[in-house]
Amino acid sequence: METVLEIKNLTLSYGERILCENLNFSVNAGEIVGVRGGNGTGKSTLIKRISALMPANLNSEGSVLLYGAETLDLNIKDRCTAIATIFQEPEAQLFSSFVEDELSFANENLRVQREEIRKRINAVSELTGISHLTDSKSEKLSGGEKQLVAIASAISSYPRVILADEITARLDLEARTRIRTLLKDFAKAGGAVIFVHHTEEDGGVCDRVIEIRDERRETRDEIRNNNIITNDDLRLTNDRGINNDSINQNSPPLVSRLSSLVSNPQQTIVLNNLSFSYLKTKALISNLSMSFESGKCYLITGKNGAGKTTLGKLILGLLKPQSGSVEIGGECVAKMRIGSVAKKIGYVFQNPDLQFFTNSVGEECEFSFKLTSALTDSVKERINDCLVKFGLQDFRERNPLTLSTGEKQRLALAITSLSGVSFLLLDEPTSSLDNEAKNFVVDYIKRFVADGGGAIIITHDSTLLSHLPEGVIYEI
Amino acid sequence: MKFDPRTKLFIIAVLTAVSVFAPSIFYLLGILFVTLVFDIILKVNFLTVLKRLKFLLSAIVFVSLIQSLTIKGEPLITINGFTLISYQGLMLGLEFLVRMSIIIFASAIALTSSGKEMTDALIRLKFPYEVAFMVSTAISFLPMFREEFLHRVTAVKLRGIDIKKLPIGKKFKVYAFVLSPAVVGGAIKSRALADSMTAKAFRAHSSRTMLRELKLKPRDFIAIILVALLMAGFFATLMIIG
């Protein structure tokens, strides 16, 4: 098989911090090579380096060869005709107001004929299952739908290489299966794929998997730094070390130190005939009634665009229902201020970056107490304890935005725990996390629920339920 | 009625230009009337415009009021011999208010086309496409920044903080806290969008294909002629009256 991409002695670093060192691997035509590794190990940076989209302060040694030519030396036309790059965050990839404009963008730049562009748009829309969305406004799409549009847009130029950076994290089961099939068919047709992923299901479509290890972390015997390991090896690794069934044995010890964080376990959230729509013509949520009790864990699942995040916003009072009501402990949310709702429900965004305002982890924890003049000595002590419990004591002075995804998620959870809420509402809390970080989140939820709190988790990860006690799935 | 985006750009440019040169409130009211007629023909969503520009409009009303109160001249409203509003002040304030309204409601015509259509129109008008995209990206930065800002304000509220109940000093502190990550977040997002555009072959060639063909229809020509006549008539009148 023809070698399409060759990564030779590649070392990537930001100043003193080395992300990956002396990386060597190649990708042949017809092959899907997976890349795995913990959060913050430089997988996304590797993808950027391969596609020659170098961040300004990134130091790169070694070479990335595309059909024998260094990608940094190629002109935009040659590079982009050959490589399609799909990034992790869909919001940062769509810049056109309408989906069709997004899908035509690359081909317009490559001066493809108008009729051919139309053919390609139809083909990729069908392949990715977004034919019904081509006339939609990009801003009206859900996170998962945006990701599908980003995938379709990237492959619309009919590339020979796809660089996919955790592209299935926000997709529902059907869409994930569709995208995996698409990647497999692309490889069968002679294309080459580098697929950064966290889940074993995604790993299943890869012919080989490269595991990048973070030197700063505690090492696991099974992980072999920068070596190519086969998919069977990876499954074995997971069976022994990072399988979710063995959470209790392998969870970091700090999790076990989490104590009761629930202030008022006697709460119930009730949704009465809730209806909501963004468009006058089509109801997104119609006459929905459900209840959430403390001491239980609820998973809200559903297809991309079904209204899961919208439902979360309705519960929090961030959106007003067209009809029906949400009640927390008998109080109607519509009559409460958001600040009051937030004292009962701790919300963690899909993207925790949006929840941080200050320059350090310590200040972030003190933020709301300072503003309400409630930063007493005992609160300071609680914050210290909390940082220890969440394994963040060493990051106290670090800027939250410089933390890894898993650490950011821990900080977001630590902040909600400090406010002593009785319910947690988590939007896709495990979607971009490595196994270690995922185990932490799962264990935290278990303890929160065991201590009498209620957890509502908006997720596509249906395997979560098997790890959570007293779980109920609501599919919308 | 649907006009070609180039026609819309021409209408916006003419209405804005004549509003700048209009010498009195009567001319300005006439131009505002024509602007609103175009808005109605092109189905501008007034509610959306007013909602989006709520803050700017209040600022314009405030500045007009200040002008009315501070310009000296023939007394119009006096309190105990003190001239509160002069005739000249009132006229200047009104002129400012109407002039700004014309610019806003004329620009609102652009909202009836997508950003892509407007970019295509600029390219057809011989703007380099990099510049046209730069303009449309710069314009889209404002809503992006606004979204980032509002997300973060919501995040503050979700920490259990009732911003409305905070004393004014702390309120400012909250907005100061929110502003800096919102600016940084907006910049990071812009950078990511630029990367994404580069990954999709932006600037691969000196020109690009346009999926949608722009074609001027008879109604576009009629509108262009009418607006051009309006402009000619306006400047002719100005020259005649000196």
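None of these values were measured; they are calculated from a predicted model.

The rules behind these values
Residues numbered from 1 in each chain as written. Chains lettered and ligands numbered in written order. Predicted model: local features only at pLDDT ≥ 70, side-chain atom pairs only at ≥ 80, totals over all residues. Heavy atoms only, no water. Helix = DSSP H or I, 4+ residues; strand = E, 2+ residues; numbered from the N terminus. Rg over C-alpha atoms; globule rule 2.2 N^0.38 Å. Contact = heavy atoms within 4.5 Å. Areas by Shrake-Rupley, 256 points an atom, 1.4 Å probe, with all protein chains shown as cover. Lys, Arg positive; Asp, Glu negative; His and termini not counted. Charge placed at Lys NZ, Arg CZ, Asp CG, Glu CD. Polar contact = N/O pair within 3.5 Å; in protein donor to acceptor, adjacent residues only side chain to side chain. Pairing = 2+ DSSP bridges. Axes fitted to C-alpha atoms, helices over the stretch in contact; angles between N-to-C directions. Core = buried A, V, L, I, M, F, W, Y, C linked by side-chain atoms within 4.5 Å. Buried < 20%, exposed > 50% of the residue type's maximum accessible area, 1.4 Å probe, protein only. Buried area = accessible area lost by both parts, 1.4 Å probe. Salt bridge = Lys/Arg side-chain N within 4 Å of Asp/Glu carboxyl O. Expected span 1.5 Å × (residues − 1). Domains from an automatic or database assignment. Patch = residues over 30% accessible without salt bridge, like charges linked within 9 Å, V, L, I, M, F, W, Y side chains within 5 Å. pLDDT = per-residue confidence, 0-100. Parallel < 35°, antiparallel > 145°, perpendicular 65-115°, else oblique. Left-handed = near helix turned anticlockwise from the far one by under 90°. Nonpolar A, V, L, I, M, F, W, Y, C, P; charged D, E, K, R; others polar.

A. Representation of the overall build of chain B in the model. Within chain B, the secondary structure is distributed over nine helices and two strands. For chain B, the N- to C-terminal ordering of α and β elements is α-α-α-α-β-β-α-α-α-α-α. Against the 2.2 N^0.38 benchmark of 18 Å for 242 residues, chain B shows a C-alpha radius of gyration of 23 Å, more extended than a compact globule. Principal-axis analysis of the C-alpha atoms places the extent of chain B at approximately 70 × 60 × 25 Å. In chain B, the proportion of contacts linking residues at least 24 apart, taken out of those at least 6 apart, comes to 73%. Total accessible area computed for chain B in this model is approximately 13400 Å², and 73% of it derives from carbon and sulfur atoms. For chain B, the centre of its 30 positive side-chain charges and the centre of its 13 negative side-chain charges are spaced 7 Å apart.

B. Geometry of the side chain of T41(A). Its place among the elements puts T41(A) in the loop between β3 (32-37) and α1 (43-50). Within the local environment of T41(A), its side chain forms a polar contact with the backbone oxygen of G38(A), the two atoms lying 2.6 Å apart.

C. A look at the sheet that holds strand β16 (residues 345-348) of chain A. All names here are of chain A. One open sheet accounts for five strands, arranged β16-β17-β18-β13-β19; its pairing is parallel. On the outer flanks of this sheet lie β16 and β19 (471-475), each paired with one strand and no other. In this sheet, adjacent strand axes meet at a mean angle of 15 degrees when their direction is disregarded. Where strand β13 (residues 297-301) meets β19, five bridges bridge the pair, whose relative direction is parallel. Residue pairing in the sheet places T301 in a bridge with E475 of β19.

D. The arrangement of the pairing of strand β1 (residues 3-14) of chain A in detail. All names here are of chain A. Where β1 lies against strand β2 (residues 17-28), eight bridges are found, and the strand directions are antiparallel. Following the sheet pairing, L5 is matched in β2 by V27. For β1 and strand β4 (residues 59-66), the ladder comprises seven bridges, and the chain directions are antiparallel. Across the sheet, T11 pairs through a bridge with E61, a residue of β4.

E. Region of interest: the nonpolar core. Core analysis: the largest hydrophobic core is formed by 44 residues, its most contacted members being I269(A), L271(A), F292(A), L311(A), I315(A) and I345(A). Residues I86(A), L141(A), I179(A) and A204(B) belong to the second largest nonpolar core, which totals 40 residues.

F. Looking closely at the interface of chain A and chain B. Contact with chain A, which involves 59 residues of that partner, is made by 49 residues of chain B. Surface buried jointly by chain A and chain B totals about 4900 Å² across both partners, of which 62% is contributed by carbon and sulfur atoms. By the criterion of area lost to chain B, the three top residues of chain A are R114(A), F357(A) and L371(A), representing 15% of everything that side buries. Inspection of the chain A/chain B interface yields nine salt bridges. The residue R212(B) makes a salt bridge to E100(A) at a minimum N-O spacing of 3.0 Å. Inspection of the chain A/chain B interface yields 22 residue pairs in polar contact (both at pLDDT 80 or more). Elements that contribute at least two residues to the side of chain A that touches chain B include exactly α2 (76-82), β6 (83-86), α3 (99-109), α4 (114-128), α5 (143-155), α12 (338-342) and α13 (361-371) of chain A. Top contributing element to the side of chain A that touches chain B by residue count: α3(A), with nine residues.

G. Focus on α5(A). Spanning 13 residues, α5(A) covers 19 Å between terminal C-alpha atoms, matching the ideal 18 Å at 1.5 Å per step. The element α5(A) is extensively covered by neighbouring structure, given that 13 of its 13 residues are classed as buried.

H. The domain arrangement of chain A, seen in detail. Residues and elements named next belong to chain A. Each assigned domain of chain A is listed with its residue range as follows: domain 1 (3-244) and domain 2 (253-475). The interface of domain 1 with domain 2 comprises 23 residues on the first partner and 19 residues on the second. The contact between domain 1 and domain 2 buries some 1900 Å² in all, and 39% of this surface belongs to carbon and sulfur atoms. If you look at where domain 1 meets domain 2, you find one salt bridge. Among the salt bridges present, the one from E174 reaches K303, with a minimum N-O distance of 2.7 Å. If you look at where domain 1 meets domain 2, you find six residue pairs in polar contact (both at pLDDT 80 or more).

I. Representation of the pairing of β4(A). Residue and element names in this part refer to chain A. As paired elements, β4 and strand β5 (residues 69-70) share two bridges and run antiparallel to each other. Residue L65 lies in a different strand from β5, and its bridge partner there is E70. Joining the antiparallel neighbours β4 and β5 is a turn of two residues, in which Y67 adopts a positive phi near 50 degrees.

J. Region of the structure containing a positive patch on the surface. Together, K137(A), K140(A), K51(B), R52(B), K54(B) and R146(B) make up a region of like positive charge exposed at the surface. Here K51(B) shows up in helix α3 (residues 46-52). A relative accessible area of 61% means that K51(B) is categorised as exposed.

K. Quick peek at the confidence of the model for chain B. Averaged over chain B, the pLDDT score is 88; the fraction of residues at 70 or greater is 100%. Interface confidence for the predicted complex, given as ipTM, is 0.77, next to a pTM of 0.79.

L. Focus on the packing of helix α4 (residues 54-70) of chain B against helix α5 (residues 87-107) of chain B. Residue and element names in this part refer to chain B. Closest axis-to-axis distance for the α4/α5 pair is 7 Å, and the angle between their directions is 160 degrees. By the angle between their axes, α4 is roughly antiparallel relative to α5. Our pair here, α4 against α5, has a crossing hand that is right-handed. Touching L56, L57, I60, V61, V63, S64, Q67 and S68 of α4 are G89, L90, L92, G93, F96, L97, M100 and I104, all from α5. When the residues that make up the contact of α4 with α5 are grouped by side-chain class, the tally is 11 nonpolar, five polar and no charged.

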